[in-house]
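# Coordinates in review
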Amino acid sequence: MKTRPALTLTDCEKIASAALAEAKRNNWIVAVAILDDGGHLLHFVRMDGASPANARIAVAKGRTAAESRRASGTWQERIKSRPELMRMPGILPVQGGVPIIAEGSCVGGVGVSGVQSHEDERIAQAGIDALLRE
């Protein structure tokens, strides 16, 4: 039987803390969602001033990254040449969702929404980097 790493509450708190620090450092107001490898919400933070839409979008970006095992922005690029991919179930093709890869396995995803999509991705990656630096 194969064993692989899984996210813990402590891991989620570390990701969220680093992501929020990156957002605060840049005066960005965002929502941050951390999901397991099946796209189920494990941890969520919505900064004061982030909209309800940011909350839903962050979860959708994180779910896209976790379930597809690729950054949500890659879907955005792929759709340019293959618009039929817009019909893929559960895929939000907007940059800002990043898969968490640990020990060669996808263990989840981080989704961020609230600023420009490339900035959302930067925040998500900062959270993941903090976890993987251990």
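Scroll up to find the structure.
About the criteria used
Residues numbered from 1 in each chain as written. Predicted model: local features only at pLDDT ≥ 70, side-chain atom pairs only at ≥ 80, totals over all residues. Heavy atoms only, no water. Pairing = 2+ DSSP bridges. Helix = DSSP H or I, 4+ residues; strand = E, 2+ residues; numbered from the N terminus. Axes fitted to C-alpha atoms, helices over the stretch in contact; angles between N-to-C directions. Contact = heavy atoms within 4.5 Å. Buried < 20%, exposed > 50% of the residue type's maximum accessible area, 1.4 Å probe, protein only. Phe/Tyr/Trp six-rings, centres within 6.5 Å; stacked < 30°, edge-to-face > 60°. Lys NZ or Arg CZ within 6 Å of the ring centre and 35° of its normal. Salt bridge = Lys/Arg side-chain N within 4 Å of Asp/Glu carboxyl O.

What follows is about the sheet that holds strand S1 (residues 31-36). The strand order S2-S1-S4-S3 describes an open sheet built from 4 strands, whose pairing is antiparallel. Lying at the two open borders of the sheet, with one neighbouring strand each, are strand S2 (41-46) and strand S3 (97-102). Neighbour to neighbour, the strand axes of the sheet diverge by 15° on average, direction disregarded. Where S3 lies against strand S4 (residues 105-113), 6 bridges are found, and the strand directions are antiparallel. Residue Ala102 lies in a different strand from S4, and its bridge partner there is Ser105. Lying on the sheet, helix H1 (residues 9-25) is in contact with S1, S2, S3 and S4; it crosses S2 at an angle near 30°. The strands touched by helix H2 (residues 52-68) within the sheet are S1, S2, S3 and S4, with S4 carrying the most contacts at an inclination of about 155°.

The next point concerns the environment of Glu67. Turning to its location among the elements, Glu67 is positioned in helix H2. Judged by its relative accessible area of 40%, Glu67 is partly exposed. When the C-alpha atoms of Glu67 and Asp48 are compared, they prove to be 28 Å apart, with 19 residues separating the residues in sequence.

For the rest of this paragraph, the subject is the packing of aromatic side chains. Taken as a whole and judged by the stated rule, the model has 0 aromatic pairs. Its guanidinium or amino end placed over the ring of Trp75, Arg78 lies 5.0 Å from that ring's centre, counting from NZ or CZ.

You can see Thr10 is positioned in helix H1. Relative accessible area serves as the criterion here: at 54%, Thr10 is assigned to the exposed category. Residues Thr10 and Leu131, spaced 121 residues apart in sequence, show a C-alpha to C-alpha distance of 9.7 Å.

Turning our eyes to something else, we now look at the pattern of salt bridges. Applying the stated criterion across every chain yields a total of 7 salt bridges. Where Glu22 meets Arg25, a salt bridge forms, and the shortest distance between an N and an O atom there is 2.7 Å. Taken together, the positions of Glu22 and Arg25, both in helix H1 and 3 residues apart, correspond to about one turn of that helix. A residue is classified by how much of its surface remains accessible, and Glu22, at 9% relative accessible area, is buried. The exposure class assigned to Arg25 is exposed, which follows from its relative accessible area of 57%.

For Ala31, the position within the fold is in strand S1. Ala31 gets classed as buried once you look at its relative accessible area, which sits at 0%. Sequence spacing of Ala31 and Met47 is 16 residues, and the spatial spacing of their C-alpha atoms is 6.0 Å. Not counting residues up to four positions away in its chain, the partners in contact with Ala31 are Phe44, Val45, Arg46, Ala50, Asn54, Ala55, Ala58, Gly111, Val112 and Ser113.

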